[in-house]
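Coordinate analysis (summary)
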Amino acid sequence: MVQWLAKHETEVREWTLLSNYEAEIKRRRTFAIISHPDAGKTTLTEKFLLYGGAIAQAGEVKGKRARAATSDWMEIEKQRGISVTSSVMQFQHDGYCINILDTPGHQDFSEDTYRTLMAADSAVMVIDGAKGVEPQTRKLFKVCAMRHIPIFTFINKMDRETKDPLSLCEEVERELGIDTYAVNWPIGCGKEFQGVYDREKASILFFSAEGRGKKAASVEVDLEDPAAANYIGEARWQSLREEVELLGAGRDFDMKAVRAGTLSPVFFGSALTNFGVEPFLEEFLRMTTPPLNRDSDSGEIDAFSPEFSAFVFKIQANMNKAHRDRIAFMRVCSGKFQRDSEVYHMQSGKKLRLSQPQQMLAAEREIIDEAYAGDIIGVFDPGLFSIGDTVTVPGKKFKFQGIPTFEPEHFMRVSPMDTMKRKQFIKGTEQIAQEGAIQIFKVPFAGMEEVIVGVVGTLQFDVFQYRMRSEYGVELRMAGLPYDHLRRIAASPVEPKELTLCADAALLEDFRGRSLIAYSGEWPVGYLLKHNPGLELEEPN
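Residues numbered from 1 in each chain as written. Predicted model: local features only at pLDDT ≥ 70, side-chain atom pairs only at ≥ 80, totals over all residues. Heavy atoms only, no water.

Looking at the protein as a whole, its pLDDT mean stands at 83, while 85% of the residues score no less than 70. Here residues 59-68 scores under 50 on pLDDT; set against residues more than four positions off or in separate chains, the count is 15 contacts. (pLDDT = per-residue confidence, 0-100. Contact = heavy atoms within 4.5 Å.)

In structure tokens, the structure reads:
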């Protein structure tokens, strides 16, 4: 045996490394959390971090004396109590390495959410038990459904008066067009919310004390054990047994349907009091998948392939005032990433070394030496990367599917109040434009004394104004424009500046030098095409 090991030492070492590498990928879980604003998404994210040991105490999002949420790192988020940018967090729990992507709930920031969902392998959909399915929930669900990723439903705020649990499940099915299966069942609601029934274990999880900033205390007892009545009361015990019998007449659990995104496992709980959070986290980690394969222009890329590949899904400047740099967030899609190893940037055709890869807990950074498929890493961006870019090992040339941009629906003319701040104004607008969430355009031949800002939702104007003031020291003069559509000039019979435009249209240029036309309503399109034969317009992806 010793002789055999000596002879095959290299093969054994390679097999051991491969085995460890595959094990590392298998324990990765990368998911996004989505919801309508104020459904409790950020609070649930914090409680996951609490149970994973990443934070010692969770801070509520609301309240005068509340701590700022860990996942809300931008100052404006802490002030308003809302998430306006996606956060990335990694922590360990029960042998799993978990990457959470906390997304903005507000519809004005849906573009950032969409891009973040492109980096996730599954999604947790948080629903307010009192309100049910809300408009932004529908919109974000459609994005998840387009990618066919598993969707897990957490019906939150059971510590308040809520809709009937069965009605909530039916509402999810009716409004979102997905089947549901209740993995657990609530025992009461509001002040009478006492715990959940675990259908697989056939046991009651009775919550004996609120968790709030710490873990909730609980007692587990079999449903048929008469002692259960001592915890939840005789009447509620009998009622629960009847409800459980009714649930048994419904559909069976189908893991294949969950993985295909056609069946959503449903859990009930209260993120605020921690009731039901830990059982949900444990079941979710057990049910969800390791990193999924990704489509590219050269076919499907296997997540377990030993060759590293990744794509950029987010760029963020000035996450830390002490650094004043720009971070490109990459989703590792295959293989193992190693610090200082040479990689190939497909879009520029350049080889480079990513010497300071970082992992995040919101704005907090940690330099890492390695990362595996499923992980999210942040790398310093010298101005090379754009949203959707592909990075691979040298010698491999393929591109992952692109990430589309949303068409702006609101526009403003923006200039600095202090003309002496021109340099800072140019730097700020260029850096924020490269992030992609807020779109910034130049007026051709007009210099950089003013720019046109286009956004999906008007709250983004507030964020832009705030960031220019706090990060670049520039106060802005802003004036609304009547445009609500934008099209890129795909072909033109003359130079763009010579096109015949109507009063409701304006020629713009993006920071990549592409010519576009902003206009109001639908009538200008017909005018433009009629008076400029040969002009071709397309959506600005």
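That shown, we press on.
Here we come to the packing of helix H3 (residues 41-51) against helix H11 (residues 277-287). Where H3 contacts H11, the axes come no closer than 10 Å and their chain directions differ by 80 degrees. In terms of axis orientation, H3 runs roughly perpendicular to H11. Contacts between H3 and H11 involve Leu44, Lys47, Phe48 and Tyr51 from the first element and Val277, Glu278, Phe280 and Leu281 from the second. For the contact of H3 with H11, the per-class residue count stands at six nonpolar, no polar and two charged. (Axes fitted to C-alpha atoms, helices over the stretch in contact; angles between N-to-C directions. Helix = DSSP H or I, 4+ residues; strand = E, 2+ residues; numbered from the N terminus. Parallel < 35°, antiparallel > 145°, perpendicular 65-115°, else oblique. Nonpolar A, V, L, I, M, F, W, Y, C, P; charged D, E, K, R; others polar.)

Glancing now at the packing of aromatic side chains. Applying the stated criterion to the full structure yields 19 aromatic pairs. Look at Phe398 and Phe400: their rings are 5.3 Å apart centre to centre, the planes differ by 90 degrees, and that puts the pair in the edge-to-face class. Here Phe400 falls in the buried class, since its relative accessible area comes to 6%. An aromatic cluster is present here, built from Phe31, Phe48, Phe152, Phe154, Phe267, Phe280 and Phe284 joined pairwise through their rings. Across the ring face of Trp237, the terminal group of Arg241 is positioned such that the distance to the ring centre comes to 4.7 Å. Sitting above the plane of the Phe511 ring, Lys442 keeps its charged end 5.3 Å from the centroid. (Phe/Tyr/Trp six-rings, centres within 6.5 Å; stacked < 30°, edge-to-face > 60°. Buried < 20%, exposed > 50% of the residue type's maximum accessible area, 1.4 Å probe, protein only. Lys NZ or Arg CZ within 6 Å of the ring centre and 35° of its normal.)

Glancing now at the side chain of Thr429. With respect to the helices and strands, Thr429 occurs in helix H12 (residues 422-435). At 2.9 Å, the side chain of Thr429 and the backbone oxygen of Phe425 are in polar contact. Among residues more than four places away in sequence, those in contact with Thr429 are Ile440, Met448, Val451, Phe464, Met468 and Phe511. (Polar contact = N/O pair within 3.5 Å; in protein donor to acceptor, adjacent residues only side chain to side chain.)

Before going further, it helps to examine the environment of His485. When you line up the elements, His485 lands in strand S28 (residues 485-491). What makes His485 buried here is its relative accessible area of 18%. Among all residues touching His485, those that are not within four sequence positions of it are Glu407, Pro408, Phe411, Ile517, Ala518, Tyr519, Gly521 and Glu522. Within the structure, the side chain of His485 is placed 3.3 Å from the side chain of Glu522, a separation counted as a polar contact.

Here we come to the packing of H12 against helix H13 (residues 459-472). Following both chains from N to C, one finds H12 and H13 inclined at 125 degrees, their axes separated by 10 Å at the closest point. With respect to H13, the element H12 is oriented oblique. Seen from above, H12 lies across H13 with right-handed handedness. Two secondary-structure elements touch here, H12 through Gln424, Phe425, Lys427, Gly428, Thr429, Gln431, Ile432 and Glu435 and H13 through Phe464, Arg467, Met468 and Tyr472. Per-class residue counts for the contact of H12 with H13 are five nonpolar, four polar and three charged. (Left-handed = near helix turned anticlockwise from the far one by under 90°.)

Within the fold, Leu508 resides in strand S29 (residues 505-509). Since its relative accessible area comes to 3%, Leu508 is described here as buried. The spacing of Leu508 and Pro496 is 12 residues in sequence and 9.5 Å in space, taken between C-alpha atoms. When sequence neighbours within four positions are dropped, the list of residues in contact with Leu508 reads Phe441, Lys442, Pro444, Ile452, Leu486, Arg514, Ser515, Leu516 and Ala518.

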